[in-house]
Amino acid sequence: VSRVIPVDTFDLVIFGGTGDLARRKIFPGLYRRFLAGQMPEGSRIIGAARADLTEAAFRATVREAIDEFVPEARKDAAVIDAFIGRIGYVSIDAKGTGGWPDLRAMMRENVVRAFYFSVAPVLFGDIAERLHEHGIADAWSRIVVEKPFGRDLASARALNETLAKHFTEAQIYRIDHYLGKETVQNLMAVRFANILFEPLWKAEYIDHVQITVAETVGVEGRGAYYDKSGAMRDMVQNHLMQLLCLIAMEPPYHFDPDAVRDEKLKVIRALDAVKPEDIVRGQYLAGGGQEGYVAHSENPASKTESYIALKVHISNWRWKGTPFYLRTGKRLRARASEIAITFKEPPHSIFDDAEGWRENVLVIRLQPNEGMNLMMMIKEPGPGGMRLMQVPLDMAFADALGADAEDIPDAYERLIMDVIRGNQTLFMRGDEVEAAWAWADPIIQGWEERGMKPQGYDPGSSGPEDALMLMHKDGRRWREIR
Ligand code: NAD
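Note that the coordinates shown come from a computational prediction; the quantities given were computed from them, not determined experimentally.

What about the UniProt feature "binding site: NADP(+)" (unreviewed entry) in the protein chain?
Okay, step 1: Per the UniProt entry, the sites bearing "binding site: NADP(+)" (unreviewed entry) are Gly16, Gly17, Thr18, Gly19, Asp20, Leu21, Ala22, Arg23, Arg50 and Lys147 in this numbering.
Okay, step 2: Tracing the sequence through the fold places glycine 16 in the loop between strand 1 (10–15) and helix 1 (20–35).
Okay, step 3: When its relative accessible area of 11% is taken as the criterion, glycine 16 is described as buried.
Okay, step 4: Residues within four places of glycine 16 in sequence aside, it is in contact with Ala22, Ala48, Ala49, Ser118 and Val119.
Okay, step 5: Under the relative-accessibility criterion, lysine 147 is labelled partly exposed at 25%.
Okay, step 6: Beyond its immediate stretch of four places on either side in the chain, lysine 147 contacts Asp234, Asn238 and His239.
Okay, step 7: Within the structure, the side chain of lysine 147 is placed 3.0 Å from the backbone oxygen of aspartate 234, a separation counted as a polar contact.

A few points about the UniProt feature "active site" (unreviewed entry) in the protein chain
Okay, step 1: Listed under "active site" (unreviewed entry) in the UniProt record, and renumbered for this structure, are His239.
Okay, step 2: Mapped onto the fold, histidine 239 is located in helix 9 (residues 231–248).
Okay, step 3: Histidine 239 gets classed as buried once you look at its relative accessible area, which sits at 2%.
Okay, step 4: Excluding anything up to four places from it in sequence, histidine 239 contacts Lys147, Asp176, His177, Tyr178 and Asp234.

Describing the sheet that holds strand 6 (residues 172–174)
Okay, step 1: Taken together, six strands build an open sheet; the order of strands is 3-2-1-4-5-6 and the sheet is parallel. The open sheet has two edge strands, strand 3 (87–91) and strand 6, and neither has a second partner. Within the sheet, the average angular offset between the axes of one strand and its neighbour, ignoring direction, is 20 degrees.
Okay, step 2: Bridge count for strand 5 (residues 142–145) against strand 6 is three bridges, and the pairing is parallel. Note that in strand 6 the partner of isoleucine 143 across the bridge is isoleucine 172.
Okay, step 3: The strands that helix 2 (residues 55–69) touches are strand 2 (44–49) and strand 3; relative to strand 3, the one it contacts most, it runs at about 120 degrees.

Focus on the site of the ligand
Okay, step 1: Close contacts around the ligand come from 20 residues, with Thr18, Asp20, Arg24, Val119 and Lys147 the closest.
Okay, step 2: A distance of 2.7 Å separates a nitrogen atom of the ligand from a polar atom in the side chain of aspartate 20.
Okay, step 3: For the ligand, a nitrogen atom lies 2.8 Å from a polar atom in the backbone of alanine 94.
Okay, step 4: Considering each element in turn, the shell around the ligand owes the most residues, three residues, to helix 1.
Okay, step 5: Residues belonging to the shell around the ligand are distributed by class as follows: nine nonpolar, five polar and six charged.

Some remarks on helix 3 (residues 77–84)
Okay, step 1: Buried residues of helix 3: Ile80, Phe83 and Ile84, and no others. Viewed along the axis of helix 3, the buried residues span an arc of 95 degrees, placing them on a single side of the element.
Okay, step 2: Next to the buried residues of helix 3 lie helix 1, strand 2, helix 2 and strand 3.
Okay, step 3: Residue aspartate 76 occupies the N-cap position of helix 3, its side-chain oxygen lying 3.0 Å from the main-chain nitrogen of alanine 78.

Reading the values: rules and limits
- Residues numbered from 1 in each chain as written.
- Predicted model: local features only at pLDDT ≥ 70, side-chain atom pairs only at ≥ 80, totals over all residues.
- Heavy atoms only, no water.
- UniProt positions renumbered as here; feature names shortened; annotations may be inferred.
- Helix = DSSP H or I, 4+ residues; strand = E, 2+ residues; numbered from the N terminus.
- Buried < 20%, exposed > 50% of the residue type's maximum accessible area, 1.4 Å probe, protein only.
- Contact = heavy atoms within 4.5 Å.
- Polar contact = N/O pair within 3.5 Å; in protein donor to acceptor, adjacent residues only side chain to side chain.
- Pairing = 2+ DSSP bridges.
- Axes fitted to C-alpha atoms, helices over the stretch in contact; angles between N-to-C directions.
- Near = heavy atom within 4 Å.
- Nonpolar A, V, L, I, M, F, W, Y, C, P; charged D, E, K, R; others polar.
- Arc of directions from axis to C-beta.

Written out as structure tokens, the structure reads:
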């Protein structure tokens, strides 16, 4: 199963190469691609950051990152040495001139040049500008932009305009790492490579959709950043929106970047304004010996939400009348992300066991235990008569792939290799991001203008009480977070 798509020789520059994301995800991920044989001879990775480090000192930090974040079974001393040998470093100041001529001198002709902006978003514009000014980027260069992409429509638009001064849309790769997850891509395969689901994939047969991204961690350590963001900006406008788009979009004519992104954009544009009564915001309280949100945010009066649940309607032919319930939060009972598609009742039951009946649900689990479950009704085995019971048709990817499951690339590794291949399918286009902010802005303004406080919820719970009511009042229930 382990097939590796060949890519061209590249120079990949990681701005923010000494940062947390580079250490935890980017370098360990690149090492795994190297190990898998996907990094052509002669390809290089150049760390660029403010710290005044020698190449040897920077290489030592990468070695430590691999040691800490790559599983033991994937560590091979000789491969690590060879990988480290591909790494360079340049000390650079995004806001000044220092280091840029050095970087210019390192660039080679006739290789793919990619620049990963793994730095605070305030520096995105500066780096784009410097790359241009110093003649470091050519017409084939690609830039990779981390999240957050703006904090509202105006700032996202401004950022798009800044990047557009020096790069075409085809050169800009806006990362949403959710799109790099194996299960998320599999969602498209399941929808569009099977005849089974698509005929039922509409309001006529689907009662509702639930999208849940639950975390157990709080915002400790990043409180100052998070307090200006909140769950709506940090998770819903980007990650949950992308998941919603992949479920709700029309079949693209081809699995091709603009065909897919055109269909996603149409979904975002068809979203209704969300009514205030269909929004529940929460903030985790202290409990179980742990601090509450306000201690982490360091603002005792913070009104930022660490949890949000929303009921969303899509006004188009396919989805009219089928609500999408979205929820995401921190300090919840379990770390679990899933999409659950609940189908309607059969039109007529021939069985007496009405209580035994449950809806068909297609559950797509993003984490943990990536896989899919189709909840089906069958006859309860045994002599008890025609009694119904629900069982899962279970497809855990780890089982399907056997020993190769370990080799499934992590979202970041896959996405970085897509950049090198020049494939934008799994990256957000500028108009998509703006449309998502255009939808989110009035929702956020609604509570900011009224100074609304989120409802407290206990750490380790499944969120605020009112979130349960959001579904109860429609005669529905959230799935358990576990
Ligand atoms: P970080 O603060 O750990 O690292 C920042 C990096 O930027 C450092 O390498 C630093 O040297 C460099 N830098 C700062 N100022 C600079 C300047 N003037 N010139 C050149 N380099 C400079 O940040 P991080 O957590 O690694 O995040 C990087 C980006 O990734 C941010 O946009 C963040 O929002 C995004 N992101 C991070 C995570 C994560 O888990 N850490 C997750 C998703 C997105």
